[in-house]
Every structure is written in structure tokens, then in C-alpha cells.
Amino acid sequence: MGSLDVRKYGCFGSKSAKFLRLNKIKEIVVFIFFSSSLFAQVSNNISSVTFGELKTGSPVEITAQLANPLSVTSVQIVYKSFQDIDFRVRDMEIVGNTATYKIPGKDISAPLLSYYLIIRLSNGGRETYPQGVPDFAKPIDLTVNNRTEKDNEILILSPAEGETVSLSDLFISVSLVKVPDIVDVSKTKIILNGEDISSKVMFAGDLLLFYPDNFPGTVKSGPQKIEIEVYDKEGNLYHSVMRGFNAIGTEGMFAAGKKFTYKGSAIGEIRNENFNSQSTLYNNIGLTLSGKYDNWRLRGYGYVTSEENPYVQPQNRYSLTLSNNWLHLRGGDSYPRYTDLLLNGKRVRGIDGSVEFGGVTLQGSYGQTRRSVEGNLLETYPRDNTPLVSNVIMIDSSKYGNPYGRVEFGVYGRDLLAGRLAFGNRNKIQFGFNFLHSKDNVQSINFGAKPQENLVAGVDLNMNFDSRRIVIKGEAAVSILNSDIATGSFTEDQIDSIYSTEGVTGGDAETFKKLSQAFSSIITVNQFIEPLNFTELSSLATEGTIELNYLSNNLKGSYIYRGSQFKSFGQEYTRTDLQGYNIHDRIRLARDQFFITLGYENLHDNLQNTKQSTTTFQTFRVSASLYMQANMPNITVGYIRNQNQNGVDPLDTLRINVDDITNRFTVNLGYGFNLPVRHNATLGFIASDRNDFGYYKSDANYLSTSFGLNSYWTSSFLTSLSVIYYDSEISLVRYKYITFSVGGKYRMLQDNLELSLYFSPSYGDFERQSLDFITSYQLIQNLWLRLQMRYYNMTRSYNNSIAGLTVRYNF
């Protein structure tokens, strides 16, 4: 912070100086205590993770920077809101050294969003961010702001959230026509990228307008963040809203009637990575193009990289999208979203589309979700000298000399077909039918294990009444899974032969024949199909939710049933063998300044009595959030209690006793203040204590404290500071470390040159020093050069360095 300037405040002996000094000290004390983390968690493969603004019901994009892209094959985000029953697992899109995913607004709810990342490595390993989640560490908690009636009073008309707009077309328009009489419109502040531009804004009654063309240099190409602060007549902050968008250079025009507009960018990159003394050179090319003609919109994207390798899943990405008000078509890589049980966010390379017309919606997707990767034949064996191990299979003796071989299994290519037919208006009442069929291509590789096939059919219902004050949602699906289709479908003679063998269990011949007759035309039917008995509901999954928004309450109740054999290849991480309910209420008080959230959840497993005991999972949640009007921090305090029990006697030697209780406390504070420039600070505490009275006795204690500060010294100079302390003890194993991060960005030469430097050392059980330097320079209008240098020193293992040059042209 530095020392106080005596010359600025005069002699400290005077009363006025003492008063100023006390005020200054108070501001510094508030600054120190009311701040939070930038979540610079430790990871060997993730260098940073950033989120957009988190607000109830609003979508947000997460971006993860990969420290060593060569070693990473996939990244998944695992997240849940404070009151959700279980975590959602979604695939992130990897392009170069960046992984991104946009969380839909329906999945985001105050007061907290918990998340972690799963990183799968090219050597077959697996890592999480933060490391050790969920067994040895806790997910990261992010504060989610509540959406209140005040958000509907301050309307940012232009630009739209996440919109990409050219500088020549950019203007900012804000309507305050809905604000109450206590608001003084003339005191409104518009802050763009940390700079107060209110003096450049035109106030036209309740409409605020800002045209960057009138103030050259105010807005440059790149990501933008705008904040609107509205004050009452006494000068107190009434409310504020934020929005993010992107600004690019010029926009072209086709001559055909001058009605088709287009814009885009081309990127080329060369990057060298030195990982543990192994050097690798990468070359990447990317192209994005978007156009508009009347109501028609066109968007194309392509990314080609030297990382493309036929022995791993695709690294190149491409897509072309055509859409208007009633049609959406996308070819190439897409991430279709149907329902939470069927298909939601999984990458499909093929074609995806939807049509909405006259109250009827038709959606379809077809393509490949996994490409084939051939295995390796390691050794062959004669028939009379074959070892009994899992990776020895039958092979073509005429081709390989012996009938059996030890192999390294490959990966079958997997195709997927999905569809949904819905009737009604999604904003009022809509009822839909959906299905999914996914199958491994048995002929795609020579050396594989157990190709599979999956069929899912379901229904979904959405009803909204009284301006969404009453929301009713539900979906149900039933699945069929064949875990090995290598031998194909059985004939009736084969079925009779199998069930005539003594000791065969699992139904009878006639039941199996009926199953074959009903489904063999759409799925392979043999001894590996499940379920054999649909009346047990083992492959049924259903969810239902009722939400009521009245009298400053948001009351929501949910019920789930997921049979132990339910499986969808479109949602492979759905938690199954689970039944129960969840109820929570969020209460708004004190003119939307104080929120209380209460929740209770009761679930149990063993729905088909396939386990030795039934475990009950009970969760109680409570949180309180305080949002002050002006010059005070926002505070959220939360408590979660999890209790898992299966009622088994601890002295029972045949069954495992489950009996544990976890208490988790969270405190998150956020504070925006001027001292003397704009600062945004946050402070977070997480403490967790698990007492395991069951068989494993795996007690665990966890404490994490994080602090962070962003300072906007000028429109061209930004600094950031963060500190995180982690301390855990799990089954008497202690692990602790502290991480510091300091850095900043500076723009100069009329904003044509941008420099950024960040240094982040970690000490303790995790020791690492990282240094990032990035410089961007605009050679000519819309042509940018970007140089990046990154160095990691892992004290106890390896060093890693990255150097890259990127050229980007916006058109």
C-alpha cells in the first residue's frame, strides 16, 4: 500500500488532519479485511481459471488456461449451485491452450456456485483442479449475486451480453425509465473497463447514450466490461449492474444490395513448449467468420493445429452455423443440449439442428462422439499355451499366425443419433418426446474390448404461470444398455440353447425372446443387455421440480429417482442408484439487501436391493447474504452439514459400516471502493471438518483462506494481487501450502502496445514458481502481434517453459 503522504494531508497535529488520518486508516482497515481470492489454485496442468459475472439465472463463461496442452486430452467442469442435489459434469472445448464452457443460466443460483475441473492426461492419468478433489480437497466456492427487481429497473439496451460488435457500430444505451422516484438519474455513473466515462455520456431524460466515435481512443478492440451505478437523491448507491461484450475493428460489407454484413478474425500461432527437458513445437491456425443478411445469421469457425494426432481424440475444431428466428443448423463440432438426463453439452462431430414453427419444435443431432483409436498387438500365443489374463483375446490366426494375442486395447468409434419433438411454447407450456441411440462401431478397430450400445427414450414437461412465479418442470427417461455387442444379436435357437443349460439365471427363454422381438431391430440383443426386467424400474430415471416465487420467497422442491441400471451415453456421469427429495427457500428481506437461503435434502441408494445395505444421505444448508447500498462490503455466510449412514452395526464383520458427518463453513466478502482509484477486493474462508465413525475412520479437516485485489489505477493500468492459504489433514496426512500472485497490465503508445507481467510463487508441501509475460502490439489497424513467455519451476520435479508468437487480424 505504501505510506501516507504527509504533504497531502498537512500536519498531523491539526484536528482536521487527525480526522482525515482516522478516515484514511478506517479505509485501509476495511480494505485489508474485506477482500477475496482470484482463486489462483495450484495445479500442474492448469495455470489459471477465470469466470464472468455470476448472477442468478444468467449464463456465464468459464475459461481455463492450460499450462501444458500436450499432456491434456480432455477437460471437464464439475459444478453445482448451493441447493442442487448433485454435481453436473460437462465437457469443455479445448482450443490451443484454452478450455472453455458456458454454464447455462438455469444452473446458476445464489448464494454459491461450487466447481472443480477434471483433467485427463495423454499418459492415461487423471488430475483435478484444485488437486485432490473430491477425496482430499474441496471444490472451489464462488459467490453468486442474487437477481432482484432492481436488475429489471436498470436496462442496458445495447450492447447485448456477450455480443461481439465492431467499433464503428458500437454505442452504449441505458434506460432508467423503470427506476423509482428516489433515484437521481443525473448522479448515474457509467464505468467502462474500470474508467468512469460518465462525463462523456449524453443524458436524454431517462435514457443514457455513449458514442465512442465522439471520443477516439476511449474503446479499443478486445473484451469489454461495463458497469452502471445508480444513486438515490441522497447520494447513496441504489444499485449497480454489469455487462460484458467484445469490441473488434472494422466491419465489411458485401456489395450485393449492401445488406449482407460480415466480420471475423484470422489467427496464426507458433509456440514452443519445453516440458521436463522435452521440447515440442506447435503450429495453430484459427478462423472465425460471422455474417448477417436480414434475419439470417451465419457463423463459421475453424481451428487447425499440429497437435492433431490419430492416436488421441480430435484436437482440430470446425463448425458452420446457419440460423434465423425459426431455424438453427450447425455442421461440424457442436455441443447439443436436450435434457439433463438425455444429452447436454457433449461434443458431437456431425450435424445438429432445430426448427420452431407454429408451436412445434423439432430438434435432431447425428454424428460421432468418439473417434476410433487402434490398439496394439503386443504378443501372440498358440491355443495350448494361452495365459488367462484380461487383455488376451482371440485374433485372426491366418493374419497373425496364432489364434490368441496379448493386446493394448484401442478405442471403438462411437456414433450418436438424438432427437426431440416438442409441442407448445417454451416460455409457457411445452411437452416433449426425446430419444437417443448411440453405438460403438465394431469394425472401426481390430483390437478392442467390449463395444457397447445404448438406447434412451424419454419425455419432458415445462410449465410457467403468472409471469414465471410458478414454474413446474419434469422429465423421465428409460434406458437399455448392451455392454458387449461384439457377438451380435442372438437368434431364437441360441436363446433356447442358453436357457437349456443348467444354472443359467436372469429371466427365462420366453421373456428373452419377447425382448429380442421388441428391440432387436433398434439395439443388439444378447446376454449382455440390461435390464432384463423393466418392472423393477432399474433403468428408469425421473426428476420433477416445482418452484413458487411469491411474497419475497423463492420456494423450490425437487424429487429424483434414478435406477441403478440407468445409462445415457449423452450424460455418462449421471449419478445413479439414488432416490429422494430436495427442498429449499430463498427469502428476500430489507428491500432486496438481505437474503436467507434454507435447504434440506434426503436421499438414499440401493433402489433395487443390489447392495448389502442402504445408505441415507442427508444434507442441511443455510446461508445469509448482505448486500449494502453504498461504501460497504457484500457478505455471504454459509453452513452445510452432510450426514451419511447405512445403519450397519460397527461390530458386523460381513458388511461395511458407513457413519460420517461433515460440517462446512464458508464466508465470502466483496468490496468495491475508491482509494483514491477504483479497487475491487474480496476475501474468502472455507473450513470443513469430517468425523468418520464408520469402517474407514477417514477423518478430515480442511481450511482455505484467500485474498485478492484488482486495482484500476488508470484506464491503461491494472494491477492484481492475491494470496491463498491451504491447510488440510486427511487420515492423519497433513498437506499445506501458501500461494502468492502479483501482476498487472499496462497499455501505452495510444493503446497500441499492451504489456502484462504476473509472478506466482507457492511454498510449503506444494512448491512452484511461475512467471508469465505477455506483450501485444498493433502493427497496423486491426493487425496484432502477441508474444507470450511462461516459465514454471517445480522445485521437486521439473521445469516447464512456453514461448509463443501469435498474429491476429480482425476484418
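Please refer to the structure placed before this passage.
The structure presented is a predicted model; accordingly, all values stated were derived computationally and were not measured.

Criteria and thresholds
Residues numbered from 1 in each chain as written. Predicted model: local features only at pLDDT ≥ 70, side-chain atom pairs only at ≥ 80, totals over all residues. Heavy atoms only, no water. Helix = DSSP H or I, 4+ residues; strand = E, 2+ residues; numbered from the N terminus. Contact = heavy atoms within 4.5 Å. Buried < 20%, exposed > 50% of the residue type's maximum accessible area, 1.4 Å probe, protein only. Salt bridge = Lys/Arg side-chain N within 4 Å of Asp/Glu carboxyl O. Core = buried A, V, L, I, M, F, W, Y, C linked by side-chain atoms within 4.5 Å. Pairing = 2+ DSSP bridges. Axes fitted to C-alpha atoms, helices over the stretch in contact; angles between N-to-C directions. Polar contact = N/O pair within 3.5 Å; in protein donor to acceptor, adjacent residues only side chain to side chain.

Quick word on the environment of Asn634
Assignment of secondary structure puts Asn634 in strand β40 (residues 634-645). Distance from Asn634 to Tyr671, taken between C-alpha atoms, is 6.3 Å for residues 37 residues apart in sequence. Asn634 has contacts with Leu626, Tyr627, Met628, Asn668, Leu669 and Gly670, leaving out every residue within four places of it along the chain.

Describing unusual backbone geometry
Here the bond from Tyr129 into Pro130 is cis, since omega is 0 degrees, no more than 30 degrees from zero. Take Pro130: it is sitting in the loop between β8 (126-129) and β9 (140-143). Along the chain, Ser158 connects to Pro159 via a cis peptide bond; the corresponding omega equals -5 degrees. When you line up the elements, Pro159 lands in the loop between β10 (155-158) and β11 (164-166). Non-glycine residue Asp577 carries a positive phi angle of around 55 degrees. Mapping Asp577 onto the fold places it in the loop between β36 (553-562) and β37 (578-589). Overall, Asp577 belongs to the buried group, its relative accessible area being 7%. Notably, Asp751 is not glycine yet its phi reads approximately 65 degrees, a positive angle. Mapping Asp751 onto the fold places it in the loop between β45 (733-748) and β46 (753-764). The class for Asp751 is buried, based on a relative accessible area of 12%.

A look at the pattern of salt bridges
Counted according to the given criterion, the structure contains 34 salt bridges. One network of salt bridges, in which partners are shared, links Asp84, Arg88, Arg90, Lys106, Asp107 and Asp340.

Some points on the nonpolar core
In this structure, Ile77, Met92, Tyr115 and Leu117 are the most contacted members of the largest nonpolar core, which totals 27 residues. Every element with two or more residues in this core is listed here: β1 (46-51), β2 (60-66), β3 (72-81), β6 (98-103), β7 (112-121) and β9. Broken down by element, the residue count for this core peaks at 5 residues, all from β7. Excluding residues that lie within four positions of it along the chain, Met92 makes contacts with Ile62, Ala64, Val75, Gln76, Ile77, Ala99, Thr100, Tyr101 and Leu117. Ranked by size, the runner-up nonpolar core spans 25 residues in total, among them Ile172, Val179, Val183 and Tyr238.

What to know about the sheet that holds β2
Pairing within the open sheet is antiparallel, and its 4 strands lie in the order β1-β2-β6-β5. Of all strands in the sheet, those bounded by a partner on one side alone are β1 and β5 (93-95). With direction set aside, neighbouring strand axes in the sheet form an average angle of 20 degrees. Across 3 bridges, β5 lies against β6 in antiparallel orientation.

Quick word on the side chain of Thr775
Tracing the sequence through the fold places Thr775 in strand β47 (residues 768-780). Within the local environment of Thr775, its side chain forms a polar contact with the backbone oxygen of Glu754, the two atoms lying 3.5 Å apart. Among all residues touching Thr775, those that are not within four sequence positions of it are Leu753, Glu754, Leu755, Leu785, Arg786 and Leu787.

With respect to the sheet that holds β11
In spatial order, the strands read β11-β18-β17-β13-β14; together these 5 strands make up an open sheet with mixed pairing. The sheet is open, and its two edges are formed by β11 and β14 (195-196), each paired on a single side. Where strand β13 (residues 189-192) lies against β14, 2 bridges are found, and the strand directions are antiparallel. Bridge pairing in β14 places Leu192 opposite Glu195.

A few points about the pairing of β3
For β3, a buried count of 8 out of 10 residues is recorded, marking the element as mostly surrounded by other parts of the structure. Sheet analysis places β3 next to β7, joined by 9 bridges and oriented antiparallel. Bridge pairing in β7 places Ile77 opposite Leu117. Examined bridge by bridge, β3 and strand β4 (residues 88-91) share 4 bridges and lie antiparallel to one another. The residue bridging Ile77 from the neighbouring strand is Arg90, located in β4. A loop of 6 residues connects β3 with β4, the two strands running antiparallel in sequence.

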